[in-house]
Amino acid sequence: MARGFLISTHTKNSSHFLLNSISETSRLTKLLYYPSSSSLRFSLSPPPFPPRFLCSCCSHLQENGTIDMSVHSEAFAKRMSMVGLKPHHRIVLGVSGGPDSMALCVLTAAWKTNNLGNAAQKNEFVDGLLAVVVDHGLRAESKDEAHLVHRRVTSMGIECEIACCEWSEGKPKQGHLQEAARRKRYEILQSACIRHQIGVLMTAHHADDQAELFILRLSRNSGVLGLAGMAFVSELFSTCPDLSAEASSNGLLLVRPLLELPKEDMYKICLAANQEWVEDPTNRSALFARNRIRMILTDLASPIFRSELQALIAACRRTRLHVDKICSNLIDQAVTIMPEGYVVIDLGILSPSELKDIVLSKFIALLLQFVSQKQRPVRGSASKLLLDYIRTSPCKTAVTASGCYLCPAPGSKGTKVLISCSTDAELTLELLNPYSTEGYNSTISKEVEQIVANGRSYSDQCPQSMLGVQFLNLTSSDSVLAEAKREGILSESTYKSIISLRREESNNFKSKTNSALKNKVEHKVEYTASAPSEVLHPEKVGYFMNRFIVKWYLCKQNAYTSYFMINSNQLQDFGEEICNFCNSCVLGHDQMVRVRYMIDADWLYLATLSKREDRSIVHEERSLSVESRVMSNINLCSACTKKSAERALLLVKSIPVAARRALPVLVNVDGVLLSIPSVGFQHCPCLVASAIFKPKVPLGGGYNSFL
């Protein structure tokens, strides 16, 4: 959402929608302010006429000479080089119309055109630059604001488009408004990047945003990794993965080049470029934690407080970078990813007893987030128990945590740990558009990879300060603050102010009683004979648990022979049975398929099929030992089914039991097993199904080029 307020050095009739809303609240005498180090404030008395809204410090800045934009331009260019970006790279800008995003537009356009500004003068657009204005539709005037911002950005020589939010499930409630708007905004920006085949998204987060996040996380008792805040560069992964076989695991790069610049610089840049901005009034509501923190921080906005707080955040970021590098190396050396969707940790290579708690905790969290494809970190008692579990060698027990099941790897005698997805998690199957990302990676993947390589190369060449690495031994936010004061990063006054800020916001924060249940650890998992399932229609593509791409279809009659020659080379074994295949033998005439987790009854059924003598026996055995809902008139395509079951059973036995239970299977409406794609079982050769392990976020996903 836009941060700042409408400011004008010229009369603009187009701004009347915001001025009218301000005049309606004229009873407020002090609402907006300019958050500079000198704490200059605006007086919000009713303007003499609605179209004009002037700030009291604009004339002050102009009387003392023009703002030197070269300083900001050079700093911006340096940060872009550190990120790995060059002017020829194509970029999407997320623009709200506030001073932050308007300043980002000014700096990016100047950087791309080498400060010549020729594009705007010739009524041309800056090459390779697209601004996207998201209209959330949560306020009556948002549409007018979006069009006003569009005109202003376009007049700067930047191609711009407006994207409107569609709230299919209704607009968010007040308490969740900002978070819901943020999620929707990033979804739209990602879609714009994919649609335009652009791999870099830039936002205008700045140092004051980082300070707000620091206090917010401090009030929630985050450790040093959480207090590090936002990264300069991170990766966004599409909810709709590229289905092509050659697709890489790179996501979009989310770049925040203004992260070290204070808010007041945003105003200065806009003023120097003669750019106006708008404000979203929801940013002044005390209902939202960030807004409360922002207002309190402004009262403490002395140069010393600001610089010391930023120094502490930078030290935390250096600690996180150090931990991330260690974890990346450990993943490469000690972790094996299996195509069935589970991972194995070699404890001998990992040497968990020699790792600091902060490193081992992050390492485990990365693995659990990858296997479960849930980005909620492991915290509290769950994190402590997992540390103890991994450090107990050899491992002899099993635990569940954060949507994952951990147990000793079969045959390892406890020297290796297997992590698979827990079937206790809520089952999801998202339908994908197979064409939504077609060609995306082939067009920009190499460019993204090169940008990442450029950024890492720059980081490797620059010596990193060790300030902050001493935070590796700290386990709480209190210890981080105390250490920062002891090291001289924080003065006594700043330390007390931060403690006061945390206390005040902590008192406003009401903990959710169900948050602890999400990471609850139990020592056993119970499996039932039935499981929830989701419908998947033929030739549709489903994303099962954000981990497996699942699809199925029916063979045409003339394709049966070639299909089985390719897959089994046992056509001669089938004899006349090949002529008996029919599309409804197991599916039923409605041809409905459901997807669920694999259960114990499934591999018992495979064993039954592989041993059966004739149809009457298998019908009897299955009704007694597996499921009571088997229809008596099912055609089992006897010889083909038996061969498929025999081959699948051998593969199933090679997969650890814990990992089997997280595999997707296809069943009909009566619960009869149709296919286990991961092991190649098909109940009927008419049915062709596949399940490819392709997690949305790769292991260690995310990118942090420098601090």
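Whatever comes next refers back to the structure up there.
Residues numbered from 1 in each chain as written. Predicted model: local features only at pLDDT ≥ 70, side-chain atom pairs only at ≥ 80, totals over all residues. Heavy atoms only, no water.

J.: Run through the packing of helix α11 (residues 289–299) against helix α18 (residues 492–508), naming residues and quoting values.
T.: Interhelical geometry of α11 versus α18 gives an angle of 155° and a closest axis separation of 11 Å. Classified by the angle their axes make, α11 and α18 are roughly antiparallel. In this structure, the crossing between α11 and α18 has a hand that is right-handed. Side by side, α11 and α18 meet where Ala289, Arg292, Ile293, Ile296 and Leu297 of the first sit next to Leu501, Glu504, Glu505 and Asn508 of the second. (Axes fitted to C-alpha atoms, helices over the stretch in contact; angles between N-to-C directions. Helix = DSSP H or I, 4+ residues; strand = E, 2+ residues; numbered from the N terminus. Parallel < 35°, antiparallel > 145°, perpendicular 65-115°, else oblique. Left-handed = near helix turned anticlockwise from the far one by under 90°. Contact = heavy atoms within 4.5 Å.)

J.: Break down the nonpolar core for me, with residues and values.
T.: Judged by nonpolar contacts, the single largest core of 167 residues is most densely connected at Met202, Phe214, Leu312, Leu350, Phe363, Ile419 and Phe471. The greatest single-element share of this core, amounting to 11 residues, is contributed by helix α12 (residues 303–334). Every residue in contact with Leu350, bar those within four places of it in the chain, is listed here: Leu330, Ala334, Ile345, Leu355, Leu360, Phe363 and Ile390. By size, the runner-up hydrophobic cluster in this structure holds 18 residues, among which are Val92, Cys165, Tyr186 and Leu201. (Core = buried A, V, L, I, M, F, W, Y, C linked by side-chain atoms within 4.5 Å. Buried < 20%, exposed > 50% of the residue type's maximum accessible area, 1.4 Å probe, protein only.)

J.: Explain the environment of Ala645 to me, and be specific about the residues and the numbers.
T.: By the secondary structure assignment, Ala645 is in helix α24 (residues 638–653). Sequence-wise, Ala645 and Lys611 are 34 residues apart; in three dimensions their C-alpha atoms are separated by 9.2 Å.

J.: Report on the sheet that holds strand β11 (residues 416–421), specifying residues and quantitative values.
T.: With antiparallel pairing, the five strands of this open sheet are ordered in space as β7-β8-β11-β10-β9. Strands with a single pairing partner mark the edges of an open sheet, and in this sheet they are β7 (335–337) and β9 (399–401). Going across the sheet, the axis of each strand differs from the next one's by a mean of 20°, ignoring polarity. On the sheet, α12 packs against β7 and β8 (343–346) and is oriented at approximately 65° with respect to β7. Sitting on the sheet, helix α14 (residues 357–372) is in contact with β7, β8, β9, β10 (404–408) and β11, with an inclination near 40° to β11. (Pairing = 2+ DSSP bridges.)

J.: Please give an account of α18 that cites residues and values.
T.: The terminal C-alpha atoms of α18 lie 25 Å apart, and with 17 residues this matches the ideal 24 Å at 1.5 Å per residue to within 8%. Three or more residues of α18 are buried, namely Thr494, Tyr495, Ile498, Ile499, Leu501, Arg502 and Glu505. Viewed along the axis of α18, the buried residues span an arc of 160°, placing them on a single side of the element. Seen from the buried face of α18, the exposed residues on the opposite side, beyond 90 degrees, are Lys496, Arg503 and Asn507. Structurally, α18 contributes buried residues whose contacts are with α8 (207–219), α11, α12 and α17 (477–486). (Expected span 1.5 Å × (residues − 1). Arc of directions from axis to C-beta.)

J.: Tell me what's going on with the packing of aromatic side chains, and back it up with residues and numbers.
T.: To describe a pair of aromatic rings, you give the distance between the ring centres and the angle between the ring planes. One pass over the structure, following the stated rule, counts five aromatic pairs. Note on Phe76 and Trp111: the rings are 6.3 Å apart at their centroids and 75° apart in plane angle, and the pair reads as edge-to-face. Residue Phe76 is found in helix α3 (residues 69–83), and its partner Trp111 is found in helix α4 (residues 99–112); the two are separated by 35 residues along the sequence. Neither Phe76 nor Trp111 differs from the other in exposure class; each is buried. On the numbers, 5.4 Å between centres and 55° between planes, the contact of Phe548 with Phe693 is tilted. One end of the pair, Phe548, is in strand β15 (residues 548–554); the other, Phe693, is in strand β20 (residues 687–693), with 145 residues separating them in the sequence. Through successive ring pairs, a cluster of aromatic residues spans Phe370, Phe548 and Phe693. Sitting over the face of the ring of Tyr495, Lys485 holds its NZ or CZ atom 4.2 Å from the ring centroid. (Phe/Tyr/Trp six-rings, centres within 6.5 Å; stacked < 30°, edge-to-face > 60°. Lys NZ or Arg CZ within 6 Å of the ring centre and 35° of its normal.)

J.: Please set out the side chain of His136 residue by residue, giving values where relevant.
T.: By the element assignment, His136 lies in the loop between β2 (129–135) and α6 (142–155). Here the side chain of His136 touches Arg185 through a polar contact of 3.1 Å, side chain to side chain. In contact with His136, other than residues within four places in its own chain, are Cys165, Trp167, Ala181 and Arg185. (Polar contact = N/O pair within 3.5 Å; in protein donor to acceptor, adjacent residues only side chain to side chain.)

J.: Hey, could you go over the state of the cysteines for me, with residue numbers and the actual values?
T.: Covalently bonding the sulfur atom of one cysteine to the sulfur atom of another cysteine gives a disulfide. Applying the stated rule across the entire model yields zero disulfides. In this model Cys164 remains outside any disulfide bridge; the closest cysteine sulfur is found in Cys165, 7.7 Å from its own. (Disulfide = S-S within 2.5 Å.)

J.: Tell me what's going on with the sheet that holds strand β3 (residues 159–164), and back it up with residues and numbers.
T.: Strand pairing in a sheet is mediated by backbone hydrogen bonds. Such pairs are either parallel or antiparallel. Sheet architecture is open: six strands sit in the order β3-β2-β1-β4-β6-β5, paired in mixed fashion. The outermost strands of the open sheet, each flanked by one partner alone, are β3 and β5 (233–236). The average angle at which neighbouring strand axes cross in this sheet is 30°, direction not considered. The pairing of strand β4 (residues 200–202) with strand β6 (residues 252–255) spans three bridges and is classified as parallel. Its bridge partner being in β6, Met202 is matched across the sheet by Val255.

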